[in-house]
Amino acid sequence: MRRAAGPLFAVTVALVLADSAVVTLALPDILRHLHTTVGEVAWVLIAFNLVLGLGAVPTAVLATRARPRLISALGIAAFAGSSAWCAAAGSIDVLIAARCVQALGGALALVGCLELLVAEYGERRGVATWVTAGVVGTAVGPFAGGVLTQAFSWQAIFVVQVPFAVLAVPAALAVPATPETTPDRHRPALRPNLTLALLSAALTAALFLLVLLLVEGWRHSPGTAALTVSVVPVAALAARPLARLLRPPPEVEVAAGCFLIAGGLVGLAIPPSAHLAWTIAPQALVGLGLGLTVDRLTSQAMELRLPRVRHAGWTIGARHVGVVVGLAILTPVFTADLQDAQVPAQEAIASLVLDAPLQPQDKIAIAQALGRELSDEEGRVPDLHRAFETADLAPEERPAAARLERALDAQLERAATRAFRDSFLIGAGLALLALVTVVVPRRRRS
């Protein structure tokens, strides 16, 4: 067990930070299974990140006064139990409550695992492993969630975390780490933490809104969407070797990463069509930017600052409060834009139905079925295929109806793409604000 302790702690860190975004590809399934709304299902993300962001510093203070192995074991056990509770949730309220408990356990696990990794690997390697595991978890989260949702169900996202966490509990108890007794010598690093918060808010557009666009707007399966968004973690992992090869100054590296994220989000805002290929290059830019910034900023915020665990708490808090700010800004924008897009989309649908080469009674039947579907799915992008399935059409009318369905789907894809445009552009603006915090000259101390 002792040999596996380090890797288990790294996996635990990755799992906790992956949970900030792991449910993104499952949100449409959760939305339908729990019979909720887009606004309510967003709280599955918001609640976790809000509790983790606000709880990180208090739990870090607690970790400086208690044994790291006990803090870690308690946090990991709470994380495992609440993950099982998430999987068993039968309503959106229960799921949100379970996510809050999961975040509290995750906060304890994160700060505890930092100390345990340092005890296992030493200061330099332990902190580096903690930071890297967090970046990998953040980047891989949406992809892993989509694969599990497609292969099994959205509940599998939470079930699969339980055995890893259960194994990590005895591993934590076996590590003879001592609490860090260093007095509080340094203030929190304001600039890197602020940059980290703004970038986390911007990345919400790529890790949350893009998934909703692919699954809800463009009607792709979670598996297809997961394969598509895998570009982000692959590019993020490629960023570190690239940075080591080019060896830019740290400020230049972070500034370039902020600019890449902004450029990628602009690319997602203005795709020429609703084809998956148009998202690849923008996602690669976002992934490269993520890989160049998050671990570098986390290291800068913690470098040579004591007590180590308390400053780790500040970086965790900055990241996840940033995610909450991003969700709070972007969710009402894209939901309002979706509602605004409904009337012109309905008018375009009516025009296409009237112009279709179908018998008048068939047009009426399809129009009535489409009307019911649009009414039932108010506030969301409707699936018009059900309307054509339920319409009673003569066999000779089916080819024309199929062409009409394809035209209507294309119209809805265009409407959904436009509805998400402003939110992606706001995300790009947040990334540029992060860039400003990097390039503004530091105040010289007299």
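Everything in this summary refers to the structure shown in the same document.

Concerning a nonpolar patch on the surface
Together, Leu54, Val321, Val325 and Ile329 make up an exposed nonpolar region whose accessible area comes to about 310 Å². If you tally residues by element for the nonpolar patch, the top one is helix H14 (residues 308–355), at three residues. In this structure, Val321 sits in helix H14. We classify Val321 as partly exposed; its relative accessible area is 31%.

A closer look at the state of the cysteines
Enumeration according to the criterion identifies zero disulfides in this entry. No disulfide involves Cys86; its sulfur sits 9.4 Å from the nearest other cysteine sulfur, which is in Cys100. For Cys100, a relative accessible area of 25% corresponds to the partly exposed category.

A word on the packing of helix H10 (residues 222–229) against helix H11 (residues 231–246)
Two elements in contact, H10 and H11, have axes separated by 5 Å at closest approach and are oriented at 20°. Compared by their axis directions, H10 and H11 come out roughly parallel. Residues Leu227, Thr228 and Val229 of H10 touch H11, and the partners they reach there are Val231, Val232 and Pro233. A per-class count over the contact of H10 with H11 returns five nonpolar, one polar and no charged.

Here we look at helix H12 (residues 250–269)
The terminal C-alpha atoms of H12 lie 29 Å apart, and with 20 residues this matches the ideal 28 Å at 1.5 Å per residue to within 8%. Within H12 the residues assigned to the buried category are Glu253, Val254, Ala255, Gly257, Cys258, Ile261, Ala262, Gly264, Leu265, Leu268 and Ala269.

Analysis parameters
Residues numbered from 1 in each chain as written. Predicted model: local features only at pLDDT ≥ 70, side-chain atom pairs only at ≥ 80, totals over all residues. Heavy atoms only, no water. Patch = residues over 30% accessible without salt bridge, like charges linked within 9 Å, V, L, I, M, F, W, Y side chains within 5 Å. Areas by Shrake-Rupley, 256 points an atom, 1.4 Å probe, with all protein chains shown as cover. Salt bridge = Lys/Arg side-chain N within 4 Å of Asp/Glu carboxyl O. Helix = DSSP H or I, 4+ residues; strand = E, 2+ residues; numbered from the N terminus. Buried < 20%, exposed > 50% of the residue type's maximum accessible area, 1.4 Å probe, protein only. Disulfide = S-S within 2.5 Å. Axes fitted to C-alpha atoms, helices over the stretch in contact; angles between N-to-C directions. Parallel < 35°, antiparallel > 145°, perpendicular 65-115°, else oblique. Contact = heavy atoms within 4.5 Å. Nonpolar A, V, L, I, M, F, W, Y, C, P; charged D, E, K, R; others polar. Expected span 1.5 Å × (residues − 1).

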